[in-house]
Amino acid sequence: MKMTFRWYGIDDKIKLEYIRQIPNMYGVVTAIYDVPVGNVWPEEKIANLKNICNENGLTMEVIESVPVHEDIKLGSGKRDEYIDNYCQNIRNLAKYGVKCICYNFMPVFDWTRTQLDKIAVDGSTSLVYYADQLKNMDPRTGDLNLPGWDASYKKEELISLLDKYKEIDEEKMFENLIYFLKRIIPVCEECGVNMAIHPDDPPWSIFNLPRIITCEKNIDRMLKEVDSPCNGLTFCVGSLGASKNNDIVRLVDKYSKMGRIHFMHIRNVKLVENGFEETAHAQSYGSMDIVNIVKTLYKNNFDGYIRPDHGRMIWGETGKPGYGLFDRALGAVYINGIIDSLKY
Ligand SMILES: [Mn+2]
């Protein structure tokens, strides 16, 4: 298992020097953030980013994410052009040593929480999702702004995009995903890149939008319809684990045995009556069986990438919700402790 850490590029206030000092850190997971979704990333930018990482003793073998343009998800507009661009991005990234690309197929919004600073009893804050809070959120007002969401939409654009999705049910969405995969996976096979789809977070429909990477049945279908080792998963414990219907340890066992997990996101969540709360990574703080997840990966000789996922804000740190340094570093160390206890 190769331990990695998400890094938001040179504008990230968390320095690579700090990330390097977390024990057993293999590399960073990053992306180019200043090219509009759907366009080809200039090679020069990729080369620069890789150099900065390498100069700081860290690899850049995982990209999170190369975002998928809404036209591809909708199966309309300039879909084919955007897919061509996506293929070019895969080729360019491979040239600079990228082995794994994380992406998601969530419509309009990326991961969604209803509150970003819920205070726990120990004074730390974290991200939470409560169904009753979601009821009071309406994306059509145009003034919702949460991390993970593309804030660049103007209100009218957002409304028109949401309207386009009225025609798209889960089945159509699935067909559009398969269409995309059938075009990109041969390119991945050619240049040795693994695609790793991130599950929808949370794994159910929100704002009446279709969401498909939510459960075993749908993941099975996705893997089977494009049956290549390059077509795999970012297994996000906290995303899939937010639904009680997903038996996480069993799924980790199943998909790692199949060789279809390329990237693990490990974080704990506590399931509560009307949603879930992100917690410390340590087992007893949430509902996820973190120890047995890591044990299962180890037993199955998982040799892909792994990273601590969202952390809490602790020790007075402020910054990008979920992406502070301190608690994610504690998460990495906790996971490494479990691995070492199996190894030695
Ligand atoms: Mn994740």
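Whatever comes next refers back to the structure up there.
As the structure is a computational prediction, the values presented were derived from the model and not from experiment.

## So, the nonpolar core
Then comes step 1: Of all hydrophobic cores here, the largest spans 79 residues; its most connected members are Val28, Ile101, Ile184 and Ile293.
Then comes step 2: No other element matches helix H7 (residues 170-191), which puts seven residues into this core.
Then comes step 3: With sequence-adjacent residues up to four places away left out, Ile184 is seen in contact with Ile83, Tyr86, Cys87, Ile90 and Met195.

## Here we look at the sheet that holds strand E10 (residues 269-272)
Then comes step 1: Ordered by their spatial adjacency, four strands build an open sheet running E5-E6-E11-E10, and the pairing between neighbours is antiparallel. Whereas interior strands pair on both sides, the edge strands pair on one side only; in this sheet they are strand E5 (115-119) and E10. Along the sheet, successive strands turn relative to each other by an average axial angle of 35 degrees, direction set aside.
Then comes step 2: With three bridges connecting them, strand E6 (residues 125-130) and strand E11 (residues 275-278) associate as antiparallel partners. Across the sheet, Val128 pairs through a bridge with Glu277, a residue of E11.

## Topic: the packing of helix H10 (residues 248-257) against helix H11 (residues 290-299)
Then comes step 1: Packing of H10 against H11 brings their axes to within 9 Å, and their N-to-C directions diverge by 15 degrees. With respect to their mutual orientation, H10 and H11 come out roughly parallel. Considering only the axes of H10 and H11, their crossing is right-handed. Residues Ile248, Val249, Val252, Asp253 and Ser256 of H10 lie in contact with H11, whose contacting residues are Asn292, Ile293, Thr296 and Leu297.
Then comes step 2: Residue classes in the contact of H10 with H11 are distributed as five nonpolar, three polar and one charged.

## Quick look at helix H4 (residues 79-95)
Then comes step 1: For H4, spanning 17 residues, the distance from its first C-alpha to its last is 25 Å, which sits close to the expected 24 Å at 1.5 Å a residue.
Then comes step 2: Residues of H4 that are buried include every one of Arg79, Ile83, Tyr86, Asn89, Ile90 and Leu93, and no others. Taken end-on, H4 shows its buried residues confined to a sector of 110 degrees, consistent with a single buried face.
Then comes step 3: Following H4 by one or two positions, Gly97 has its phi on the positive side, about 85 degrees.

## Observations concerning the pairing of strand E7 (residues 194-198)
Then comes step 1: Counting buried positions along E7 gives five out of five residues, so the element sits mostly inside the fold.
Then comes step 2: What you see with E7 is no split at all: Asn194, Ala196 and His198 on one side and Met195 and Ile197 on the other are buried throughout.
Then comes step 3: Both strand E4 (residues 100-104) and E7 contribute to a ladder of five bridges, which runs parallel. Bridge pairing in E7 links Cys102 to Ala196.
Then comes step 4: Note that E7 and strand E8 (residues 231-236) share three bridges and pair parallel. Across the sheet, residue Ala196 finds its bridge partner in E8, namely Gly232.
Then comes step 5: Tracing the backbone out of E7, into helix H8 (residues 216-225) and back to the parallel element E8 gives a crossover that is right-handed.

Quick notes on the rules
Residues numbered from 1 in each chain as written. Predicted model: local features only at pLDDT ≥ 70, side-chain atom pairs only at ≥ 80, totals over all residues. Core = buried A, V, L, I, M, F, W, Y, C linked by C-beta atoms within 7 Å. Buried ≥ 20, exposed ≤ 12 C-beta atoms within 10 Å, placed from the backbone. Helix = DSSP H or I, 4+ residues; strand = E, 2+ residues; numbered from the N terminus. Contact = placed C-beta atoms within 7 Å. Pairing = 2+ DSSP bridges. Axes fitted to C-alpha atoms, helices over the stretch in contact; angles between N-to-C directions. Parallel < 35°, antiparallel > 145°, perpendicular 65-115°, else oblique. Left-handed = near helix turned anticlockwise from the far one by under 90°. Nonpolar A, V, L, I, M, F, W, Y, C, P; charged D, E, K, R; others polar. Expected span 1.5 Å × (residues − 1). Arc of directions from axis to C-beta. Right-handed = clockwise from strand over helix to strand, strands pointing away.

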